[in-house]
Amino acid sequence: ILAALIGCQGIDLYKEMLPKALEDGLEPEAIKETVYQSVDYLGMGRMWPFLQATNEIFADRGIALPASGKAVTTMEDRLPLEPGSTTTAETRLAAGNQAQVDIFGEGMRGFQNSGPEESRHINRWLAANCFGDYYTRTGLDLAQREMITFCFLMAQGGCEPQLIGHAQGNMNMGNDKDFLTGAVLQCLPYIGYPRSLNALRCVNDAAKEDA
């Protein structure tokens, strides 16, 4: 639900739901990682209000934030629970491509070197940044990261080709058709019928391709 609210830009309801999620036992690290990962799928401009809201709610509940007077210059500073990064500048590309392979299969091996020369650097960014910087972090496993990615894409709409691909990625991670259908139905009140129906179609298409 939190990922879907970020995806549909439901900031006011996010502020209502986040405390309830904490009360129900959702770990702060998982929330932090969900907000961080939304950068890749929504962009910094749409992620930023949710980062600020999360910081405020965490601070109100005594979840560690920077000490007074400390310069806040990075996202890691803004939600300084346990550091989650597992890669370095030297390893992020290889680790990211390995995460792509783990999720989508051997066909993704060397993805960063594929595609037209004029846009190949974007594939390199995807491998190193989206997967190397984020998917390799602690706090969420690959199946959970694919689930929140599915919710980001479903909730913002207009991303149906990517939604089919990540539905397949979810299925590869054990989040099967029934699981994804349940996720759509859970999020329907928050994102509405059109986007939910589109998501169900994408899940069905992914299941057919996976059969």
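Read on for a plain summary of the structure. (Residues numbered from 1 in each chain as written. Predicted model: local features only at pLDDT ≥ 70, side-chain atom pairs only at ≥ 80, totals over all residues. Heavy atoms only, no water.)

Some words on the environment of Gly 182
Point 1. Within the element layout of this structure, Gly 182 appears in helix H10 (residues 177-191).
Point 2. Distance in space between the C-alpha atoms of Gly 182 and Asn 123 is 31 Å, their sequence separation being 59 residues. (Helix = DSSP H or I, 4+ residues; strand = E, 2+ residues; numbered from the N terminus.)

Side note on a nonpolar patch on the surface
Point 1. Nonpolar side chains collect at one region of the surface, where Ile 122, Trp 125 and Leu 126 lie side by side and expose about 300 Å² of accessible area between them.
Point 2. Inspection of the secondary structure assignment puts Ile 122 in helix H7 (residues 120-135).
Point 3. For Ile 122, a relative accessible area of 42% corresponds to the partly exposed category. (Patch = residues over 30% accessible without salt bridge, like charges linked within 9 Å, V, L, I, M, F, W, Y side chains within 5 Å. Areas by Shrake-Rupley, 256 points an atom, 1.4 Å probe, with all protein chains shown as cover. Salt bridge = Lys/Arg side-chain N within 4 Å of Asp/Glu carboxyl O. Buried < 20%, exposed > 50% of the residue type's maximum accessible area, 1.4 Å probe, protein only.)

Some words on helix H3 (residues 28-42)
Each full turn of the α-helix corresponds to 3.6 residues, which orients residues three or four apart in the same direction.
Point 1. Its 15 residues give H3 an end-to-end C-alpha distance of 21 Å, which sits within 8% of 21 Å, the value for a rise of 1.5 Å per residue.
Point 2. In the segment just after H3, Gly 43 is the residue with positive phi, at about 95 degrees. (Expected span 1.5 Å × (residues − 1).)

A short note on the packing of aromatic side chains
Point 1. Under the definition given, this model contains 4 aromatic pairs.
Point 2. Taking 6.3 Å as the distance between ring centres and 80 degrees as the angle between the ring planes, the aromatic pair formed by Phe 104 and Phe 131 counts as edge-to-face. Highlighted residues: Phe 104 in helix H6 (residues 92-104) and Phe 131 in helix H7, separated in sequence by 27 residues.
Point 3. Phe 104 sits in the partly exposed class, given a relative accessible area of 28%. (Phe/Tyr/Trp six-rings, centres within 6.5 Å; stacked < 30°, edge-to-face > 60°.)

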